[in-house]
Amino acid sequence: MLVRVRSVIKKADPEIVEEVKWRKPSNPNGVPVWEHSGIICTGETYKDKVKLTFAKGASLDDPSGLFNASLEGNARRAIDLQEGDKIDEKALKALIRAAVTLNTSHANSRPAGAQKKKKGV
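## Points about the pattern of salt bridges
So, point 1. Under the defined criterion, the tally for this structure stands at four salt bridges.
So, point 2. Residues aspartate 80 and lysine 49 are paired through a salt bridge, measuring 4.0 Å at the closest nitrogen-oxygen approach. Here aspartate 80, found in strand β5 (residues 77–81), pairs with lysine 49, found in the loop between β3 (39–45) and β4 (50–54); they are 31 residues apart in sequence, far enough to count as distant.

See below:
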C-alpha cells in the first residue's frame, strides 16, 4: 500500500521530496515524510493499515471525503488505508496539490528575512 501511495504522491507533484525521519528502536525504518515548502504528509505503517497524516489537513478542503481518521484535531487530518483498499488517485492527487498550495502560499507570505522569535529572547 505504501508503494502505491508513494507513486500517487510523486505523480501529484514531482517537486515533492521524500525523507525518512523519526527512526527509533521500535521503528528502525522510520517514517516517510513528504515535503514541499514544509511537510505535506507522513506515511506511517501499521500491521493492518497505512496512515497518511496531513500536517495541515484541517485547513484543506476534502470534497471527496478521503480523510477518515484524526478528524478531531485542530491541525492534522489522516487517511487510513487498509490492504486491498482502492485508492482514489484523482482525489488524493488533488489533496496533495492543495497541501502544496497551502504550504507555498504560507512560505511566500512571510516577510523577507522574517524568523521565529525564541521564547525568552
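After that view of the structure, there is still more to cover.
## Let's talk about the packing of aromatic side chains
So, point 1. In this structure the tally under the stated criterion is one aromatic pair.
So, point 2. Taken together, a centroid distance of 5.4 Å and an interplanar angle of 80° make the contact between phenylalanine 54 and phenylalanine 67 edge-to-face. Taken together, the residues span a long stretch of sequence, with phenylalanine 54 in strand β4 and phenylalanine 67 in the loop between β4 and β5 at a distance of 13 residues.
So, point 3. On the basis of relative accessibility, which here comes to 0%, the residue phenylalanine 54 falls in the buried class.

## Some points on the nonpolar core
So, point 1. By size, the foremost hydrophobic cluster in this structure holds 26 residues, and its most contacted members are Leu52, Phe54, Ile79, Leu92 and Ile96.
So, point 2. Going through the elements one at a time, α1 (2–12), β3, β4, β5 and α2 (89–109) are the ones with two or more residues in this core.
So, point 3. Not counting residues within four places of it along the chain, the set of residues in contact with isoleucine 96 comprises Ile9, Ala12, Ile16, Ile40, Cys41 and Phe54.

## A closer look at α1
So, point 1. Restricting attention to buried positions, one finds in α1 the residues Leu2, Val5, Val8, Ile9 and Ala12. Taken around the axis of α1, the buried residues stretch over an arc of 125°, which confines them to a single face.

## Focus: the sheet that holds β4
So, point 1. The sheet built from five strands is open, its strands ordered β1-β2-β3-β4-β5 with antiparallel pairing. Either end of the sheet is taken by a strand with one partner, and the two such strands are β1 (17–21) and β5. If you compare each strand with its neighbour and ignore which way they point, the axes differ by 20° on average.
So, point 2. In this structure, β3 lies alongside β4, joined through five bridges in antiparallel fashion. Each bridged residue has a counterpart across the sheet, and for glutamate 44 the counterpart in β4 is lysine 51.
So, point 3. The strands touched by α1 within the sheet are β1, β2 (31–35), β3, β4 and β5, with β2 carrying the most contacts at an inclination of about 10°.

## Observations regarding the environment of serine 37
So, point 1. Considering the arrangement of structural elements, one finds serine 37 in the loop between β2 and β3.
So, point 2. Owing to a relative accessible area of 42%, serine 37 belongs among the partly exposed residues under this scheme.
So, point 3. For the pair serine 37 and threonine 104, spaced 67 residues apart in the sequence, the C-alpha separation amounts to 5.7 Å.

Rules used throughout
- Residues numbered from 1 in each chain as written.
- Predicted model: local features only at pLDDT ≥ 70, side-chain atom pairs only at ≥ 80, totals over all residues.
- Heavy atoms only, no water.
- Salt bridge = Lys/Arg side-chain N within 4 Å of Asp/Glu carboxyl O.
- Helix = DSSP H or I, 4+ residues; strand = E, 2+ residues; numbered from the N terminus.
- Phe/Tyr/Trp six-rings, centres within 6.5 Å; stacked < 30°, edge-to-face > 60°.
- Buried < 20%, exposed > 50% of the residue type's maximum accessible area, 1.4 Å probe, protein only.
- Core = buried A, V, L, I, M, F, W, Y, C linked by side-chain atoms within 4.5 Å.
- Contact = heavy atoms within 4.5 Å.
- Arc of directions from axis to C-beta.
- Pairing = 2+ DSSP bridges.
- Axes fitted to C-alpha atoms, helices over the stretch in contact; angles between N-to-C directions.

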